[in-house]
Structure formats: structure tokens, C-alpha cells
Amino acid sequence: MNLSVVIPAYNEEENIERTVRAFYEKLKEEKIPHEIVVSVDPSKDDTEGVMKRLSKEIKEVRYVNNQPPHGFGFNVRNGLANYKGDCVAIVMADMSDRPVDLVKYYRTMLKGNFDCVFGSRFIKGGKTIGYPKKKIFLNRFTNGLIRMLFGIKYNDITNAFKLYKRETIEGLQPLLSHHFNLTVELPLKAIVRGYTYAVVPNHWTNRTAGQSTLKIKEMGSRYFYIILYCLIEKGLSRGDYLKGPDHPAQGDPGSPRGEGRRPGRFSGAGRRGDRRRG
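Remember, predicted model here, so these are calculated numbers, not experimental data. (Residues numbered from 1 in each chain as written. Predicted model: local features only at pLDDT ≥ 70, side-chain atom pairs only at ≥ 80, totals over all residues. Heavy atoms only, no water.)

A. Layout of the overall build of the protein. Within the protein one finds eight helices and nine strands. Going through the 278 residues of the protein one by one, you find that 53% of them count as buried. Pairs at least 24 apart in sequence give 80% of the contacts found in the protein among residues at least 6 apart. Element-wise, carbon and sulfur atoms account for 54% of the exposed surface of the protein, whose accessible area totals about 12,600 Å². (Helix = DSSP H or I, 4+ residues; strand = E, 2+ residues; numbered from the N terminus. Buried < 20%, exposed > 50% of the residue type's maximum accessible area, 1.4 Å probe, protein only. Contact = heavy atoms within 4.5 Å. Areas by Shrake-Rupley, 256 points an atom, 1.4 Å probe, with all protein chains shown as cover.)

B. The arrangement of the pattern of salt bridges in detail. Under the counting rule described, the total for this entry stands at 14 salt bridges. Asp101 is paired through a salt bridge with Lys104; the nearest N and O atoms lie 3.5 Å apart. Of this pair, Asp101 and Lys104 both sit in helix H4 (residues 99–112), separated by three residues, roughly a single helical turn. Residue class for Asp101 comes out buried when judged on its relative accessible area of 1%. (Salt bridge = Lys/Arg side-chain N within 4 Å of Asp/Glu carboxyl O.)

C. A look at the sheet that holds strand E2 (residues 34–40). One open sheet holds the seven strands; their spatial order is E3-E2-E1-E4-E7-E5-E8, and the pairing between them is mixed. Looking along the sheet, the strands with just one partner apiece sit at the ends: strand E3 (61–65) and strand E8 (197–201). Between one strand and the next, the sheet's axes are offset by a mean angle of 20 degrees, whatever the strand orientation. Pairing of strand E1 (residues 3–9) with strand E4 (residues 87–90), which is carried by four bridges, proceeds in the parallel orientation. (Pairing = 2+ DSSP bridges. Axes fitted to C-alpha atoms, helices over the stretch in contact; angles between N-to-C directions.)

D. Here's a closer look at the pairing of E3. A large share of E3 lies buried, amounting to five of its five residues. By the bridge criterion, five bridges tie E2 to E3 in an arrangement that is parallel. Paired with Val40 across the bridge in E3 is Asn65. Handedness of the crossover joining E2 and E3 through helix H2 (residues 47–57) is recorded here as right-handed. (Right-handed = clockwise from strand over helix to strand, strands pointing away.)

In C-alpha cells:
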């Protein structure tokens, strides 16, 4: 099963090379067929210049520029519109996620044939390093609210670092989120729509360089909008979006502009030509 790693990047010149190399080297060591797709929002630093150099050096690495509209959610969706693998992981550019955990996700998906693999930093074996106290309080409150409303045991919905099969991403369309609330929309929709998932412990380390673009005051209402949307779907849609042969995928895999992409082999051809200039 070919693995794609989608990394959204904005002003990550200080981090992106370290992150890309770490994931590439670990996946190569584990002999996992893969590609790394970095979706670059127009940055004030030289993030794109770093990616130009890396994509020429490593054939498994390529990048795509995110066209307007911009923002974290649109940037991730741009990556999801351009990956070629059979499954896709969303990984942060700041090296907060560990390559060894992605290997664990991948092996778990293969072994159990799960539609998704979710990590949790808050179960036995999970860990957070340098998590700001205010953010961890809001994280636990939001995840506790989600657990209560949806009747689920999983306790780390809001973490973006997750793995999905291509068919799952296709079945979660249409995507609505423009911002960080996409990290809630994807797993909640997967759960509500009946996709299978496994939960494994993972570690998270706060960034040591650059600046997070997450603005808590701006995101609160957007998170709750998506939570409410998924709750309404769960209660009122009468199963119209559930996984199954009677419920085909709602659209292409994550394209914000309706452009379909199908899985392809990870050949060197076309990698550097896939970049979109903006």
C-alpha cells in the first residue's frame, strides 16, 4: 500500500527541511513505499525555495503551491487534492509529529485493514512535550465535549496527525473547513459515517522554531460550527452519508476546486512538474 504524507507549510523555512528529511529517512529505512507532498501557502520566508531544492534532491519529495483562497484548511485540502497514494497522513511541518509514530500508524492500518488510524497523546504510551497550559486546558475541554456529544471513547480528535485510506478521504466529501477546524471535521465525519478506525499512542513536541498560526480566539466558533455540523449529520441525515456500496463517495479527494485526482504510481516522472505557481 503506497503511503502519501501531506505536509501543509506556511512560513516554515526553519523547520520544513528537518521535517521532510526525518520522515523520508524513516520511511525509506522501513521500506515503506511513499511520497511526501508539501503544500506551500505563499510565505514571507523562503519555504518554497527550500522545497525547490529538496524536490530536486529527493525523488520521493515534491511540492505544490496553494492557490487562493489561503489558510490552513485550504492548504491541507490542496495537499489532499494532489497526493497519489492509497492512504494519506497529515503531518505538521514543525516536527511536532514523530516519524516512528507514522510507521506505527501505517503498520496498524495494514494489519487490521482499518479505514483510519488515529493517534492519541492522552492514552498510555502517549506523550506531550512543551504543550502550553492554556492550550492543553482548551484541548481537553473540547475533546471532552466531543466525547460527550458523540458518545465516543476516543480522546484526541483535535490533533491533525492521522492516517486515512484514499476511499475514506473520498467518502468524507464535501469538506467545509477553511481553517484549523479541518482537523476536527475529518475524523468526526469518519466516525459519524461509519468508517473503521484504530487508536494508537503517539508523541507530540511543541515547535522549537518559527511561530504557530493557530489563533485560539479566532478558532473557537469555527471548531464549534464543525462539531455542530457533524452532530446534525449524525442525528438527522438518516444514514445518507454512511460508508457502504449504497453510499458512493461524495466527491474527489479533498480538492477545494473540484479537480479529481486518482491514485498513481510513485515514479519520478511529473514530480517537479506538478508544482503550481502562484
